[in-house]
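Chain by chain, the residues run as shown.
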2 protein chains.
Amino acid sequence: MSELAIAPGQTRLGWIGTGVMGASMCGHLLDAGYQTTCFNRSPEKAEPLVARGASLAGSVAELVAQSDVVFTMLGYPQDVRQVVLGSDGILAAARSGMVLVDMTTSQPSLAMEIAEAAERQGVAAVDAPVSGGDVGAREARLSIMIGGREEVVRTLTPLLELLGTTIVRQGGPGAGQHTKMVNQTLIATNMIGVCEALLYAQAAELDLETVLRSVASGAAGSWSLSNLAPRMMGGDFAPGFFVEHFIKDMGIALDEANRMGLALPGLALARQLYEAVRAQGHARDGTQALILALATLNARTWPTGASG
Amino acid sequence: MSELAIAPGQTRLGWIGTGVMGASMCGHLLDAGYQTTCFNRSPEKAEPLVARGASLAGSVAELVAQSDVVFTMLGYPQDVRQVVLGSDGILAAARSGMVLVDMTTSQPSLAMEIAEAAERQGVAAVDAPVSGGDVGAREARLSIMIGGREEVVRTLTPLLELLGTTIVRQGGPGAGQHTKMVNQTLIATNMIGVCEALLYAQAAELDLETVLRSVASGAAGSWSLSNLAPRMMGGDFAPGFFVEHFIKDMGIALDEANRMGLALPGLALARQLYEAVRAQGHARDGTQALILALATLNARTWPTGASG
């Protein structure tokens, strides 16, 4: 693996999964001059990348045949399992010396399983989920949390630096996914606090913007308070990050915690409350829609003006 | 009230409650040249202020007789009730034109009761709890959340500006206390997330400092994560803010929420978990000791090296 020198014109890249995140990220690799082949279940979503110079593969096997490094950015762990380990998946077509980088937020245990299966074929697999959302992907300002062998991660770094600003190897296979679960655990529980605080302020007949002036920059401050509370207050529930994807992530974190014998009551509560958000029809709204579920729980109305 | 022009050499101040916070805050008023009288249940705690030029009153009534503006910075709502409304309290000795500023974190409903009782005597009462802790008090960088009549708050502003950097009137009597409850609700629930995230990272055998490099500056970021997680990781449980005071605050917030007909499941969970922290003997440790209760819950050990 360490012989693989990464450079445009020398390294051929493959990108599977050209959704909102994947398309932005793949675009940065193209912009850097890399010969890149794309594949997407719905091929029309890859067309803008093809217009920018990417090749479009008709199958995963065709993409693998044309790639030295294959990236995946998919939806759910079952998608990763099928695309990587399935009978017509990446490893079935892979050759020794190839590198696989799964950037999907997925199960740490699946990442370990993939790394083992890959090693048996002489393929190096790295798990590298990201945080930063669609904006971070577009602006190449993602935080990339990496699990995999050190020399492989070092080799990949020039590519990852095209996608993000915080690029940290967290350990062996699965450590990137575990770190992403830490990230989601932090967000999940804090979101409850942000919503409950706003509902308290509303019930106490305070002016919410004035309250934020007092609390946002001190010990109560957080990214979610500064960035999502104003959207809640404006009734803007457009997705920065989908409720249904967040539920997936919390489910993975709770499953892994259960496997490790760890009770996480705050995360479990967050998961339950987000199930209520989904039950109320907000699966495709942004995570800030939690305020609606907690308002409904309390038989209170909350502005939904700017929402779709 | 609006005739009261605030200026050193012209306005006589009284300060009741010279604990860690109160002593720092009163000291700033002295430094600005105000003639200041102190009173504290344990008078020896006021001695450093007397050495800096404050007068020491033998009773609340004596202090009130020498003061145009009286500040209180006490422990619990029952202390506020006794010192303000008690038979030998502030209002029993007050005269028309005086101003009362309670900076204790206390009940919004008590703040309203005090404001009403004060008005009947021609006394203006303001609730002005703070956030920022002992460091914020020492450095005069507090956030001061104010409830009271607008012209009174305007008159007091030159004094409050000696104590803090974020000085916001939130509404009429009680609005300052309500805003502080919003602040504490935000902190309480987020603390669960910070602790659960660290326990998850520990169980997954990640390196905690490396994990923070990936998650602290993005969407999972918060003041508590940046400031308290490192103390938890270092086994440093010295109090920035006492567990027992935080439990008091959460109790007030939950009582007020109950009175307003509001269910706050995250805050209720935080309160219960902090009761466990207290049960485990950490009432006088800092709020970051929550990690110990959650570790014990999971039969895991957590470093307590630097703790007292």
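Rules of the game
Residues numbered from 1 in each chain as written. Chains lettered and ligands numbered in written order. Predicted model: local features only at pLDDT ≥ 70, side-chain atom pairs only at ≥ 80, totals over all residues. Heavy atoms only, no water. Salt bridge = Lys/Arg side-chain N within 4 Å of Asp/Glu carboxyl O. Helix = DSSP H or I, 4+ residues; strand = E, 2+ residues; numbered from the N terminus. Buried < 20%, exposed > 50% of the residue type's maximum accessible area, 1.4 Å probe, protein only. pLDDT = per-residue confidence, 0-100. Contact = heavy atoms within 4.5 Å. Polar contact = N/O pair within 3.5 Å; in protein donor to acceptor, adjacent residues only side chain to side chain. Nonpolar A, V, L, I, M, F, W, Y, C, P; charged D, E, K, R; others polar. Axes fitted to C-alpha atoms, helices over the stretch in contact; angles between N-to-C directions. Parallel < 35°, antiparallel > 145°, perpendicular 65-115°, else oblique. Left-handed = near helix turned anticlockwise from the far one by under 90°. Domains from an automatic or database assignment. Buried area = accessible area lost by both parts, 1.4 Å probe. Phe/Tyr/Trp six-rings, centres within 6.5 Å; stacked < 30°, edge-to-face > 60°. Lys NZ or Arg CZ within 6 Å of the ring centre and 35° of its normal.

Draft legend 1. Looking closely at the pattern of salt bridges. Counting across every chain of the model gives 24 salt bridges over all chains. Between glutamate 244 of chain A and arginine 284 of chain A there is a salt bridge whose closest N-O contact spans 2.6 Å. Residue glutamate 244 of chain A is found in helix α13 (residues 243-259), and its partner arginine 284 of chain A is found in the loop between α14 (265-279) and α15 (290-297); the two are separated by 40 residues along the sequence. A relative accessible area of 19% means that glutamate 244 of chain A is categorised as buried. Taking relative accessible area as the criterion, arginine 284 of chain A reaches 49% and is therefore assigned partly exposed. The salt bridge partner of arginine 149 of chain B is glutamate 151 of chain B, with a shortest N-O separation of 2.1 Å. Each of Arg12, Asp68 and Arg95 of chain A takes part in salt bridges that share partners, so that together they form one network.

Draft legend 2. Molecular detail of the confidence of the model for chain A. Confidence along chain A averages 96 in pLDDT terms, with 98% of residues attaining 70 or more. We note a pTM of 0.95 for the whole complex and an ipTM of 0.96 for its interfaces.

Draft legend 3. Broad picture of the environment of glycine 136 of chain A. Residues and elements named next belong to chain A. Relative to the helices and strands, glycine 136 resides in helix α7 (residues 133-138). Along the sequence, glycine 136 and glycine 164 sit 28 residues apart, while their C-alpha atoms lie 7.7 Å from each other. Sequence-distant contacts of glycine 136, defined by excluding residues within four places in its chain, comprise Arg141, Leu142 and Leu163.

Draft legend 4. Structural context of the interface of chain A and chain B. Across the contact, 61 residues belong to chain A and 61 residues belong to chain B. At the junction of chain A with chain B, the criterion picks out zero salt bridges. On the surface where chain A and chain B come into contact, there are 20 residue pairs in polar contact (both at pLDDT 80 or more). Of all the secondary structure elements, the ones that give two or more residues to the side of chain A that touches chain B are β8 (142-147), β9 (164-171), α9 (175-203), α10 (208-215), α11 (223-227), α13, α14 and α15 of chain A. Counting residues per element, the side of chain A that touches chain B draws most heavily on α9 of chain A, at 20 residues. Across the side of chain A that touches chain B, the residue classes break down as 36 nonpolar, 19 polar and six charged.

Draft legend 5. How the structure looks around the packing of helix α13 (residues 243-259) of chain B against helix α14 (residues 265-279) of chain B. Residue and element names in this part refer to chain B. The N-to-C vectors of α13 and α14 enclose an angle of 150°; their axes lie 10 Å apart at closest approach. It follows that α13 is roughly antiparallel to α14 by the angle criterion. For the element pair α13 and α14, the recorded crossing hand is left-handed. Within the contact between the two elements, α13 uses Val243, Phe246, Ile247, Met250, Gly251, Ala253 and Leu254 and α14 uses Leu267, Ala268, Ala270, Arg271, Tyr274, Glu275, Val277 and Arg278. Classifying every residue of the contact of α13 with α14 gives eleven nonpolar, one polar and three charged.

Draft legend 6. Spatial organisation of the domain arrangement of chain A. Residue and element names in this part refer to chain A. Taken domain by domain, chain A holds domain 1 (12-172) and domain 2 (179-297). Counting residues at the interface gives 15 residues for domain 1 and twelve residues for domain 2. When the two sides are added together, the surface that domain 1 and domain 2 hide from each other amounts to roughly 1,100 Å², 59% of it contributed by carbon and sulfur. When the buried surface of domain 1 facing domain 2 is broken down by residue, Tyr76, Thr105 and Met145 rank first, second and third, together holding 41% of it. The interface formed by domain 1 and domain 2 holds five residue pairs in polar contact (both at pLDDT 80 or more) in total. Listed by contribution, the elements that provide at least two residues to the side of domain 1 that touches domain 2 are α6 (108-120) and β7 (130-131). Split into classes, the residues belonging to the side of domain 1 that touches domain 2 amount to six nonpolar, eight polar and one charged.

Draft legend 7. Quick peek at the packing of aromatic side chains. Residues and elements named next belong to chain A. Tallied over the entire structure, the rule returns six aromatic pairs over all chains. Both rings, one in phenylalanine 246 and one in tyrosine 274, keep their centres 5.1 Å apart while their planes meet at 90°; by these two values the pair is edge-to-face. In this pair, phenylalanine 246 sits in helix α13 while tyrosine 274 sits in helix α14, placing the two residues 28 residues apart along the sequence. Considered together, phenylalanine 246 and tyrosine 274 belong to a single accessibility category, that of buried residues. The structure contains a cluster of three or more aromatic residues connected by ring pairs, namely Phe241, Phe246 and Tyr274. Over the aromatic face of tyrosine 76 sits the side chain of lysine 248, whose NZ or CZ is 5.6 Å from the ring centroid.

Draft legend 8. How the structure looks around the environment of arginine 278 of chain A. All names here are of chain A. Of note, arginine 278 is situated in helix α14. Taking the relative accessible area as the measure of exposure, arginine 278 reaches 33% and is therefore partly exposed. C-alpha separation for the pair arginine 278 and alanine 293, spaced 15 residues apart in sequence, amounts to 8.8 Å. When near neighbours in sequence (up to four residues on either side) are disregarded, arginine 278 contacts Val243, Ile247 and Ala283. Here glutamate 275 takes part through its side chain, which lies 2.9 Å from a polar atom of the side chain of arginine 278.

Draft legend 9. Molecular detail of the side chain of asparagine 190 of chain B. Along the chain, asparagine 190 of chain B turns up in helix α9 (residues 175-203). Contact partners of asparagine 190 of chain B, with chain neighbours within four places excluded, come to Leu186 and Asn190 of chain A together with Ser222 and Ser224 of chain B.

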